[in-house]
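Remarks on the overall topology
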Amino acid sequence: GAGRAWIGGGGAGGAFMNIRPPGGDGVPAEPPGATVSTGGDAGSVVVLVVDDEQCVIDAVTRTLGRSGFRVLGTTDPLAVMGLLSTERVDIAISDLHMPGGDGVDLLVQLRRSHPEIVRILLTGSASLEAAQRAINEGEVFRLLSKPYNSRDLRIIREEPAIRGPRRRGRGT
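Residues numbered from 1 in each chain as written. Predicted model: local features only at pLDDT ≥ 70, side-chain atom pairs only at ≥ 80, totals over all residues. Heavy atoms only, no water.

1. Remarks on the overall build of the protein chain
The helix and strand tally for the protein chain stands at six helices and ten strands. In the protein chain, which comprises 172 residues, the share counted as buried stands at 42%. Long-range pairs, those at least 24 residues apart, make up 62% of the contacts in the protein chain between residues at least 6 apart in sequence. As displayed, the protein chain has an accessible area near 8,400 Å², and 51% of this comes from carbon and sulfur atoms. (Helix = DSSP H or I, 4+ residues; strand = E, 2+ residues; numbered from the N terminus. Buried < 20%, exposed > 50% of the residue type's maximum accessible area, 1.4 Å probe, protein only. Contact = heavy atoms within 4.5 Å. Areas by Shrake-Rupley, 256 points an atom, 1.4 Å probe, with all protein chains shown as cover.)

So this is what it looks like as structure tokens:
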């Protein structure tokens, strides 16, 4: 069914939007639980945050939005592939444990379908096995612990391997 999602970010306010189910009107459905930041511009690095806690998505959006990133977020890991069909993404940050899916499985799927996306796992309770899978199968760039603080996201703001070369030659 139809739902609503918050669109906002970067401290610029926001609004609710209606999320349409797929219909016969030829208009694709918007991903459920999607949040789109208004921060950044067309050339900005785009970060996708997947976490079942909206407060985490909001916090990452505020932190990275202030640094000029465009942040997309969803609480539904099953919506990610649909979101990627309409949005360019440079970096994906995924929670490990979510009701709708496993973050490592999602990052492995992203590695296979969109290998150019930098993958980061965010977790409050990573087992050694999950961390090994994330590194070996998902080829994650970093593992961040919850609770995180804004200093933890400096890797995204400052790492040249993330900010620069990933953007060049990428279409929107």
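2. What about the environment of Ser150?
With respect to the helices and strands, Ser150 occurs in the loop between β10 (142-145) and α5 (154-158). Placed 90 residues apart in sequence, Ser150 and Val60 show a C-alpha to C-alpha distance of 8.0 Å. Apart from residues lying up to four places away in sequence, Ser150 is in contact with Thr63 and Arg157.

3. Some words on the pattern of salt bridges
Under the criterion given, the structure shown has eight salt bridges. When the shortest N-O distance is used, the salt bridge between Lys146 and Asp51 registers 2.9 Å. With Lys146 in the loop between β10 and α5 and Asp51 in the loop between β4 (46-50) and α1 (54-65), this residue pair connects regions lying 95 residues apart in the sequence. Each member of the pair, Lys146 together with Asp51, is buried. Residue Asp105 pairs with Arg133 through a salt bridge whose shortest N-O separation is 2.5 Å. Taken as a pair, Asp105 in helix α3 (residues 103-113) and Arg133 in helix α4 (residues 128-136) lie far apart in primary sequence, 28 residues in all. (Salt bridge = Lys/Arg side-chain N within 4 Å of Asp/Glu carboxyl O.)

4. Some thoughts on the nonpolar core
Formed by 21 residues in total, the largest nonpolar core has its most connected members in Leu48, Val80, Val89, Leu110 and Leu121. When residues of this core are assigned to their parent elements, the largest contribution, five residues, is made by α3. Leave out the neighbours within four places in its chain, and Leu110 touches Val80, Met81, Leu84, Ala92, Pro115 and Arg119. Core analysis: the next-biggest nonpolar cluster, separate from the first, contains 20 residues, Val45, Val47, Val49 and Tyr148 among them. (Core = buried A, V, L, I, M, F, W, Y, C linked by side-chain atoms within 4.5 Å.)

5. With respect to empty space enclosed by the protein
By rolling a water-sized probe across the atoms, one finds the places where empty space is left. What the rule picks out here adds up to one cavity of 30 Å³ or more. Here the largest cavity is characterised by a volume of approximately 30 Å³. The wall of the largest cavity is formed by Val60, Ile93, Leu122, Leu144, Tyr148 and Leu153. For the lining of the largest cavity, the residue count by class is six nonpolar, no polar and no charged. (1 Å grid on protein atoms, 1.4 Å probe; cavity = no way out; pocket = protein on both sides within 12 Å on 5 of 7 lines; lining within 4 Å. Points joined across faces, edges and corners; volume = space filled by probe spheres on them. Nonpolar A, V, L, I, M, F, W, Y, C, P; charged D, E, K, R; others polar.)

6. A few points about α1
Here α1 is twelve residues long and its end C-alpha atoms lie 16 Å apart, about the 16 Å a rise of 1.5 Å per residue gives. Those residues of α1 lying buried are Val56, Ile57, Ala59, Val60, Thr61, Thr63, Leu64 and Gly65. (Expected span 1.5 Å × (residues − 1).)

7. Examining the packing of aromatic side chains
Here the structure, examined in full by the defined rule, presents zero aromatic pairs. Over the ring of Phe141 we find Arg142, and its NZ or CZ is 4.5 Å from the ring centre. (Phe/Tyr/Trp six-rings, centres within 6.5 Å; stacked < 30°, edge-to-face > 60°. Lys NZ or Arg CZ within 6 Å of the ring centre and 35° of its normal.)

8. With respect to the side chain of Asp90
Along the polypeptide, Asp90 turns up in the loop between α2 (80-84) and β6 (91-95). Classification of Asp90 by relative accessible area gives buried; the value is 0%. A polar side-chain atom of Asp90 sits 2.8 Å from the main-chain amide nitrogen of Val46. (Polar contact = N/O pair within 3.5 Å; in protein donor to acceptor, adjacent residues only side chain to side chain.)

9. Things to note about the confidence of the model for the protein chain
Averaged over all residues, the pLDDT of the protein chain is 74; the fraction at 70 or higher stands at 67%. Note on residues 165-172: pLDDT is under 50 here. Beyond four places in sequence and across chains, it has 17 contacts. (pLDDT = per-residue confidence, 0-100.)

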